[in-house]
Amino acid sequence: MIFYPLLSAVGQSLYSAESRLDENGFVVDREVFVGLENYAEIFVGAQSERFYNALANTTFFTVVSVALETVIGVAFALMMNRAFRGRAFLRAAVLVPWAIPTAVSGLLWRWMFQADGIVNALSGSQVLWTAEGMAAQAAVIIAEVWKTSPFIGLLVLAGLQIIPEEVYEAAKLDGASAWKQFWAITLPLVKPALMVAVLFRLLDALRMFDLPFVLVGPRKESVETLSILAWDSANQLQYGAASAFSIVLLLYVSVIVYMFVRLLGADIFQSDATRPQSSRRRRAVSPAPRPAAHHQEETR
Amino acid sequence: MRQRRPNRFATLSALAIGVLTMTACGGPSDSTAASAPEELSGRGPITYVSSPDSSGAAQETIEAWNAAHPEEPVEWIELPLDADQQRQQMIQNAQIESDAYTVLNLDVVWTSEFAANRWVEPLPVEELPLDGMIDATVEAATYADQQFAVPYYTDGALLYGRSDLLEAAGVQMPTTWEAMEQACAAVLELPEAEGMSCYAGQFDKNEGLTVNFSEAAASAGGALYDADGQPSVDTPETLDALNFLVDGFESGMIPQEAVTFQEEQGRQAFQDGDLVFLRNWPYIYNPLSAQDGSSQVAGKFTVAPIPGQDGPGVSTLGGRNLAISSSAENKATALDFITFFVSQEQERARLELSSRAPVYSALFEDQEIVSALPYLPTLLQSVESAQPRPKAVQYGAATAAIQDAVYAAITGKQTPEESLAGLQIQLEELAN
Amino acid sequence: MSTVTQEVPAPPGRAPQISKAPHVRAGRRAQPARTLHGAAGVAAVVLIGVYCLAPFYWMLVSSLRRSGDIFDTTLLPSVFSVESYVKVFSGSSDFAHALVNSLIVAATTTALALVFAIFAAYAISRLNFRFKNVILAVIIATSMFPGISVVVPLLRLFSDIGWINTYQAMIVPSLSFAIPLAVYILTTFMKQLPFDLEEAAMMDGATKWQAFRKILLPLAAPGIFTTAILTFIQSWNEFIIALSMVNDPAVQTATVAISKFTGASEFQAPYGEQMAAGVIVTIPLVIMILIFQRRIVEGLTSGATK
């Protein structure tokens, strides 16, 4: 189920799908073995300009939208984790963007960003969001961040809910400010949940397809992503090239994920069976003053 | 995921990609080219695979068939509204050689691709009700001198104009681009036309852009592909055509936001009274005439053939064809069903519910039908003079290249000369 | 769960000794003491509410317009109309039935993914065995491949084994996307939970299974629940596989049914119906999640204190 599609894509990527026609106009030799030619096309050949542009767009969208989602998602989670009137409403409200089917929300945003749509009507501007350029990129990022911040928010909220109250009480006794509490206690303790959330958002964002496709359209230079490129090749029956794009995308995603795990020390590939039980016990007994340090020690 | 852009449709812009075309294979020396199709055999249940039809007209035809042929029932497999997704599903079915799909409802521009890949069967011409069908539509269903499909419905361009304002300004519906510009100048002087723009078509990077550009090229006396099927976009005529669009955007004759217009955005702008003229398909006639207050132009507009450089312009041909999947079973039943489905009797019956244009010219002149669909005589003019169809095996790649080039020009990224020169090279690569 | 303010020594387990253990307080939840007051709180709620709901409001308003003035930009429909809702349910694709199918597919996927992921996450976070990292790497790799490239091979496979037009043809591929997410989230959560409680319980004679069920599971409830929401919505939204593997309207899911909505012509997108369907799909989903959230979490927590 997992490797079969992968292997078939690798195999496919070594074939060209030129529609060679016989003298009567019918397709012959649909599949010709071309080795790595499809990859050469991508990196240095005729496709390279489009490819590097799509790579840059994909990276730009991923970095900007995941960064914004993280900030907004964490803010959501902190709010939802507090007791106040209207919390139930807030939790429901936050779920809404994530719960709307992707196909419908893409259309919704396209429509709102139309030349005579509500966004322009409310802001009194005449921005052509669905054409090309910065406005189109901004539209994609706005819609993407709106849709997926709840994903991070929900995961971080779940992470917050398992933080023991004592660590805060101790910090309060120490007179730590709310800001300091957040940086020194909350963030380190919620980091594993946050890292998983960001990791999966990275995986998704790097494969971003629907939103730019529906909102702005295919083959628009300023919003073309690697997935759209792969789709476009497949749509023109260039299955070899499409598979090669998919494989390159897969490798790129792997590299990013690997770097993310290495650089940020996300607690993901970490085996923790050997972690020192004693330190955990110490923390439980004397929770404060620096649980952050403990936590890092454990996860390192 | 993707479900947008309900508007991928036919373009018939003399696109002939690849070696193909009639000239390549029509010679008598070609022994295998026009060989008679093998007999289609097998009887029993079949499926009809198509985009949805909200009018219910096609459903009635199928029910009529099923009532008469209980042993050979037809089941409708409905595909998504989005044409890309329809094509994708049909190609997937062909690739795994499944017998799930029998009769395919193909966009006219897919027909060559499906035929060249032998995903659909050649059909016996003598058994098809082709007599009385508009020539251009029948021609659009052939490939390599063989009939691979049968026309189901057709479509062509119309110029919509604000009759009330034209009358107030004392001008006629234009037949040339220049006359359209002059008519606009006169209309826009009127106080009631304040804030309006002159003209729009479909200029978003989409199939609609290919349609609009190839219409402009043909209307300027050029063609995107010459009679031998070779790309011919780097010519004075196509440059005139592209300049008509580029200058239109520059001078403000075409409003800036039209660069985001597909069919519906243009319809909306016209319906809201923002445009004097609009190039669009016949489908907007009914919504524009709506009396429920949604249209501000009900009773205030008229239709004409699209204008050209020196006289009436040339439309592209849209519409759909029916074909039989090569990997299907019960092909004899399928052939009978198609023959029944596109018969003049059934085409006429469907007009009761649906406003999709029939493929028999007689129906365009039937008084009873015309009184319900008053644009039909104008549409017949448009469709009959439409360009010969494309035989585009790599249609997707060609239309993409055309859209890229034209979009770059109308958004000012490239000069018209640059973009046409680049397009010529790209299309030549695709053709060879 | 939000009201566990008292000094209840949270999940004490069976053995009385456990509740005396000093570290048991670590299990208590954090939220209640940290409340939000005054204007700042109200402002924050309003801000978040508007941010999340404004586009949804537009969807709702648009779904209540007539098809003729669907493009209006007034904040309320000029004429209220339920035309779009009527069309959604009277269309040729049976939308109510499609909703049930979506529910079957998404619920089954979620349940299977959760069961698998809970045990996998338990094994990864609590047990020591070789190749753990390899397994984790493989699991995540499966969720990296662009979905669109797997359709044709899968279609061929399912045609061969006669799975076309079956629920499993949608559930099995969905699982391969849902399981990695579920395993990762749950592993993270279980790793964070103190091992001590289970250890203590086991020292008191509880089996590993009991420690797992009575101690770990209730503590991991927020994580499990979040995972359930996320995987449910993910498979609820799946489109391309559901479209390709099913051509029988009796088995098609809601997203596929939405794609078959149609306007008066092929150029007219049925915006009104699409927006109405969006509303119809979203509101029950949110309500259901909120109810389940309360029920499940309460149930698990109270089960633990019995």
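Residues numbered from 1 in each chain as written. Chains lettered and ligands numbered in written order. Predicted model: local features only at pLDDT ≥ 70, side-chain atom pairs only at ≥ 80, totals over all residues.

**Structural notes on the overall build of chain B**
A count of helices and strands for chain B gives 18 helices and 13 strands. The C-alpha radius of gyration of chain B comes to 22 Å, within 12% of the 22 Å expected for a compact globule of 432 residues. On the principal axes, the C-alpha backbone points of chain B span a range of 70 × 50 × 40 Å. Of all intrachain contacts in chain B linking residues separated by at least 6 positions in sequence, the fraction that spans at least 24 positions is 78%. (Helix = DSSP H or I, 4+ residues; strand = E, 2+ residues; numbered from the N terminus. Rg over C-alpha atoms; globule rule 2.2 N^0.38 Å. Contact = placed C-beta atoms within 7 Å.)

**Observations concerning the overall build of chain C**
Helix and strand content of chain C: 13 helices and zero strands. The buried share of chain C, taken over its 306 residues, is 53%. When contacts within chain C are restricted to residue pairs at least 6 apart in sequence, those whose partners lie at least 24 apart make up 76%. (Buried ≥ 20, exposed ≤ 12 C-beta atoms within 10 Å, placed from the backbone.)

**Points about the sheet that holds strand β7 (residues 150-155) of chain B**
All names here are of chain B. Spatially, β3-β2-β4-β12-β7 is the arrangement adopted by the five strands of the open sheet, whose pairing is mixed. Two strands lie at the open edges of the sheet, namely β3 (74-78) and β7, each paired on one side alone. Across this sheet, the average inter-strand angle for adjacent strands is 20°, counted without regard to direction. Bridge count for strand β2 (residues 46-50) against β3 is five bridges, and the pairing is parallel. The residue of β3 that forms the bridge with T47 is E75. (Pairing = 2+ DSSP bridges. Axes fitted to C-alpha atoms, helices over the stretch in contact; angles between N-to-C directions.)

**Side note on the domain arrangement of chain C**
Residues and elements named next belong to chain C. You can read the domains of chain C as domain 1 (36-81) and domain 2 (85-305). One C-alpha centre belongs to domain 1, the other to domain 2; they are set 29 Å apart. Contacts between the two partners involve seven residues from domain 1, matched on the other side by six residues from domain 2. Residue composition of the side of domain 1 that touches domain 2, grouped by class: three nonpolar, three polar and one charged. (Domains from an automatic or database assignment. Nonpolar A, V, L, I, M, F, W, Y, C, P; charged D, E, K, R; others polar.)

**Describing the environment of R110 of chain A**
In this structure, R110 of chain A sits in helix α5 (residues 102-112). In this structure the C-alpha to C-alpha distance between R110 of chain A and I256 of chain A, which are 146 residues apart in sequence, comes to 30 Å.

**Some details on the UniProt feature "transmembrane region" (unreviewed entry) in chain C**
Residue and element names in this part refer to chain C. UniProt's entry tags residues 35-58, 98-122, 134-155, 167-186, 215-236 and 275-292 with the feature "transmembrane region" (unreviewed entry), counted in the numbering of this structure. Each end of residues 167-186 is marked by a C-alpha atom, and these two atoms are 26 Å apart; helix forms 95% of the span and strand 0%. As annotated, residues 275-292 comprises 100% helix and 0% strand, and the C-alpha atoms at either end are separated by 26 Å. (UniProt positions renumbered as here; feature names shortened; annotations may be inferred.)

**Some points on the confidence of the model for chain C**
All names here are of chain C. A residue-level look at chain C finds 81% of positions with pLDDT of 70 or above and a mean pLDDT of 78. Within chain C, helix α1 (residues 16-20) has the poorest average pLDDT of any element, 36, and helix α4 (residues 95-126) the best, 91. When the criterion is pLDDT under 50, residues 1-33 qualifies, and its contacts beyond four places in sequence or with other chains add up to 77 contacts. Across the assembled chains, the prediction reports ipTM 0.80 with pTM 0.83. (pLDDT = per-residue confidence, 0-100.)

**A word on the domain arrangement of chain B**
All names here are of chain B. Taken as a whole, chain B is organised into domain 1 (36-155 + 317-391) and domain 2 (158-316 + 394-431). Relative placement of domain 1 and domain 2: their C-alpha centres are 29 Å apart. Taken together, the contacts link 18 residues of domain 1 with 14 residues of domain 2. Taken together, the elements giving at least two residues each to the side of domain 1 that touches domain 2 come down to α4 (111-116) and α16 (376-384). At five residues, the largest contribution of residues to the side of domain 1 that touches domain 2 is made by α16. Tallied by class, the residues present in the side of domain 1 that touches domain 2 amount to eight nonpolar, eight polar and two charged.

**Thoughts on the sheet that holds strand β10 (residues 275-280) of chain B**
Residues and elements named next belong to chain B. With mixed pairing, the four strands of this open sheet are ordered in space as β9-β10-β8-β11. Edge strands, defined here as strands with exactly one partner in the open sheet, are β9 (197-200) and β11 (301-304). Neighbouring strand axes in the sheet, compared pairwise and without regard to direction, differ in orientation by 15° on average. Here three bridges tie β9 to β10, and the two strands are oriented parallel to one another. The partner of Y199 across the bridge, within β10, is F277. Across the sheet, helix α10 (residues 263-271) touches β8 (158-162), β9 and β10, and the angle it forms with β10 is around 155°.

**Some details on the interface of chain C and chain B**
The partner chain B presents 31 residues to the 29 residues of chain C that form the contact. For the side of chain C that touches chain B, the secondary-structure elements that each account for two or more residues are α6 (151-160), α11 (240-245) and α12 (254-259) of chain C. At five residues, the largest contribution of residues to the side of chain C that touches chain B is made by α6 of chain C. Split into classes, the residues belonging to the side of chain C that touches chain B amount to 13 nonpolar, eleven polar and five charged.

**Looking at the pairing of strand β12 (residues 318-324) of chain B**
Residue and element names in this part refer to chain B. In terms of burial, β12 is largely enclosed, as seven of its seven residues are buried. Alternating residues of β12 divide into G318, R320, L322 and I324 and G319, N321 and A323, and every residue in both groups is buried. One ladder, built from five bridges, connects strand β4 (residues 103-107) with β12; its direction is antiparallel. Within β12, the residue paired with L104 across the bridge is A323. Where β7 lies against β12, five bridges are found, and the strand directions are antiparallel. In the strand pairing of β12, T154 is matched with G319.

**Quick word on helix α17 (residues 395-410) of chain B**
The terminal C-alpha atoms of α17 of chain B, which comprises 16 residues, lie 22 Å apart, in line with the 22 Å expected from a rise of 1.5 Å per residue. Note on α17 of chain B: the residue one or two positions beyond its end, G412 of chain B, has a positive phi of about 80°. (Expected span 1.5 Å × (residues − 1).)

**Topic: α10 of chain B**
All names here are of chain B. α10 sits mainly inside the fold: nine of its nine residues count as buried. Burial in α10 covers these residues: E263, E264, Q265, G266, R267, Q268, A269, F270 and Q271. In the core, the buried residues of α10 are packed alongside β8, β9, α8 (207-219), β10 and α11 (285-288).

**Quick word on the packing of helix α9 (residues 236-251) of chain B against α17 of chain B**
Residues and elements named next belong to chain B. Contact geometry of α9 with α17 gives a least axis separation of 9 Å together with a crossing angle of 35°. Along its contact with α9, which presents L242, L245, V246 and F249, the element α17 presents V406, A409 and I410. Per-class residue counts for the contact of α9 with α17 are seven nonpolar, no polar and no charged.

**Regarding unusual backbone geometry**
Keep in mind that most residues, glycine aside, have a negative phi and that most peptide bonds are trans. In this structure, L237 of chain A takes a positive phi of about 65° despite not being glycine. One can find L237 of chain A in the loop between α11 (226-235) and α12 (239-264).

**Some remarks on the nonpolar core**
Judged by nonpolar contacts, the single largest core of 309 residues is most densely connected at V156 of chain A together with L186 of chain C. The contact partners of L186 of chain C, leaving out residues within four places of it in the chain, are A117, I118, A121, A220, G223, I224 and T227 of chain C. (Core = buried A, V, L, I, M, F, W, Y, C linked by C-beta atoms within 7 Å.)

**A few points about the packing of helix α4 (residues 87-99) of chain A against helix α7 (residues 134-161) of chain A**
Residue and element names in this part refer to chain A. Two elements in contact, α4 and α7, have axes separated by 7 Å at closest approach and are oriented at 125°. With respect to their mutual orientation, α4 and α7 come out oblique. Once α4 is placed against α7, the crossing between them reads as left-handed. Across from V94, L95, P97 and W98 in α4, the residues of α7 making contact are W146, K147, P150, F151 and G153. Each residue belonging to the contact of α4 with α7 can be placed in one class, and the counts come to seven nonpolar, one polar and one charged. (Parallel < 35°, antiparallel > 145°, perpendicular 65-115°, else oblique. Left-handed = near helix turned anticlockwise from the far one by under 90°.)

**Some points on the environment of D107 of chain B**
Its location among the elements puts D107 of chain B in strand β4. Spatially, the C-alpha atoms of D107 of chain B and G318 of chain B are 7.8 Å apart, while their sequence positions differ by 211 residues.

**A word on the environment of L128 of chain B**
Residue and element names in this part refer to chain B. Tracing the chain through its elements places L128 in the loop between α4 and α5 (135-139). For the pair formed by L128 and I338, sequence separation is 210 residues and the distance between their alpha carbons is 8.4 Å. Excluding its chain neighbours within four sequence positions, the residues that come into contact with L128 are L123, Q147, V150 and T339.

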